[in-house]
Amino acid sequence: MMGNTKEGRASALLPILVFLLIFLGSGYITGDFYSMPAIAAFLIALLVAFVQNRQLCFADKIRLAAEGVGNENIITMCLIFLAAGAFTGAVKAAGGVDSTVNLGLSILPSNVAVAGLFLIGCFISISMGTSVGTITALAPIAVGISQKTGFSMAICAGAVVGGAMFGDNLSMISDTTIAAVKTQGCEMKDKFRENFLIVLPAAIVTILLFLVLGRNAAFQLKGELTFNIFRVLPYLVVLIGALAGVNVFIVLIAGTVLSLIAGVGTGAFGLGDMFTHVGEGIMGMYDITVISIIVASIVALVKEYGGIDFILSFIRKRISGERGGELGIAALALLVDICTANNTVAIVMSGPIAKEISDDFGVTSRRSASLLDMFSSMGQGLIPYGAQLLAAATLTGLTPFEIIPYCFYPLLMGVSGLVFIFIKKRTRE
């Protein structure tokens, strides 16, 4: 079949090209890059994939798509998405977000307010696993600090976005981490350790930059910063359990149960409302779950038609050795994210190709997962039409272009990733 052709076929990539043209084209025409739901664009791309290749009958194409969706990694990834949604819904309803934010702010010295915003964003995002949720929680605080200190609103917003992208990239329950790990076939704890060592210098430099920018600031927050340690506990359990290597399903279920107990025990919601909040959290993950299923179908057909072989052949001719493979994976993740404006979708789409590259050029699975996550998150934290910057801009009254110059962390994360690619010792080239 065509999928076995070594050189592959460029025409097999037509469904992906159609998706990009529809998704980006609608954004340019309307001025709103979210006017076209990603799922609608992907469904049109899937239809194109089914129309292609007359050598296969429709029943065979359905079988191939089903095999792609039925892959163990895809099913596991979808189930983890839903479990993470249950935890997010429960802990948010229990007041865990507010308590965690207030706990951090209550111990902030005034001259490290902006750096503190970044650090709190790191903690919340790595605990929650969602960058947009972190921005939504912290942006109002950033506005208050800016107003009380006279500090640039854009600097405060940049600190929040940077902290949010830290956890988006590293959190054990982030959909990007889940997608990267499952598409590359490595353990979460191994990917975290590899990833953390690479981005740590970027985080340290970011903190130093914000300390320098905020060294002359002083502020006093009015009102009482109330928090309840029992509402923060589920975050700590999930974070510590995940880092300790406990099965992700057990960690998420434990966090969800603790959140429900904390919510009922502290009066955040009644006993009868527990599963309503859990259900709302799960529904919030429906989009990415369905998108993962559709993308798995498209990738299966594109691969069968020779599209993956074509991309791999194109990359192989331009790179060599382990370092070249790592650069190829990094470029792939960044470019796909710029095109899709969604780092999770970018990882799901480019993951199978990255896996082929890593196998061919001797890149470890934990390394390829880290590169996928880092460089797609880098793009997501810098593109003005991404959900993260749009959310930050909306909540602070700024434009994304005013915030981007202060998004130090996403940019430094990419720089740090490139440095580690070039300084890593190679056993073979």
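Structure: above.
Scoring rules and cut-offs
Residues numbered from 1 in each chain as written. Predicted model: local features only at pLDDT ≥ 70, side-chain atom pairs only at ≥ 80, totals over all residues. Heavy atoms only, no water. Axes fitted to C-alpha atoms, helices over the stretch in contact; angles between N-to-C directions. Helix = DSSP H or I, 4+ residues; strand = E, 2+ residues; numbered from the N terminus. Parallel < 35°, antiparallel > 145°, perpendicular 65-115°, else oblique. Left-handed = near helix turned anticlockwise from the far one by under 90°. Contact = heavy atoms within 4.5 Å. Nonpolar A, V, L, I, M, F, W, Y, C, P; charged D, E, K, R; others polar. Buried < 20%, exposed > 50% of the residue type's maximum accessible area, 1.4 Å probe, protein only. Phe/Tyr/Trp six-rings, centres within 6.5 Å; stacked < 30°, edge-to-face > 60°. Disulfide = S-S within 2.5 Å. Salt bridge = Lys/Arg side-chain N within 4 Å of Asp/Glu carboxyl O.

A. Structural detail: the packing of helix α4 (residues 72-93) against helix α13 (residues 274-283). One can describe the packing of α4 onto α13 by two numbers: an axis separation of 7 Å at closest approach and a directional angle of 130°. In this view, α4 runs oblique relative to α13, as classed from their interaxial angle. Handedness of the α4/α13 crossing: right-handed. For the pair α4 and α13, contact is made by Leu82, Gly85, Ala86, Gly89, Ala90 and Ala93 and by His277, Val278, Gly281 and Ile282, respectively. Tallied by class, residues from the contact of α4 with α13 come to six nonpolar, four polar and no charged.

B. Seen up close, helix α19 (residues 387-396). Turning to α19, its buried residues are Gln388, Leu389, Ala391, Ala392, Ala393 and Thr396. Looking at the residues trailing α19, positive phi occurs at Gly397, about 75°.

C. Seen up close, the packing of aromatic side chains. Considering all chains together, one arrives at eight aromatic pairs under this definition. Aromatic side chains Phe118 and Phe210 sit 6.2 Å apart centroid to centroid with 40° between the ring planes, which places their arrangement in the tilted category. Linking Phe118 in helix α6 (residues 113-128) with Phe210 in helix α10 (residues 188-213), this pair joins segments that are 92 residues apart in sequence. When sorted by exposure, Phe118 lands in the same class as Phe210, which is buried. An angle of 10° between the planes, with centres 5.7 Å apart, marks the rings of Phe192 and Phe196 as stacked. Of the two residues, Phe192 and Phe196 both sit in helix α10, four residues apart, roughly one turn of that helix. One aromatic cluster in this structure is built from Phe118, Phe166, Phe210, Tyr406, Phe408 and Tyr409.

D. Main features of the state of the cysteines. For the structure on display, the rule yields zero disulfides. Cysteine Cys78 shares no disulfide, and the gap to the nearest cysteine sulfur, in Cys186, comes to 18 Å.

E. Quick peek at the pattern of salt bridges. Applying the stated criterion to the full structure yields nine salt bridges. Across the salt bridge formed by Asp60 and Arg63, the nearest N and O atoms sit 4.0 Å from each other. Separated by three residues within a single helix, Asp60 and Arg63 lie in helix α3 (residues 58-69), roughly one turn from each other. A relative accessible area of 27% places Asp60 in the partly exposed class. For Arg63, a relative accessible area of 38% puts it in the partly exposed group. Of the charged contacts, one joins Glu194 and Arg367 as a salt bridge, the two residues approaching to 2.9 Å between their closest N and O atoms. In this pair, Glu194 is assigned in helix α10 and Arg367 in helix α18 (residues 365-380), connecting sequence segments 173 residues apart. The pair Glu194 / Arg367 is uniform in exposure class, with both members buried. Among the charged side chains, a network of salt bridges with common partners joins Glu194, Glu326, Arg366 and Arg367.

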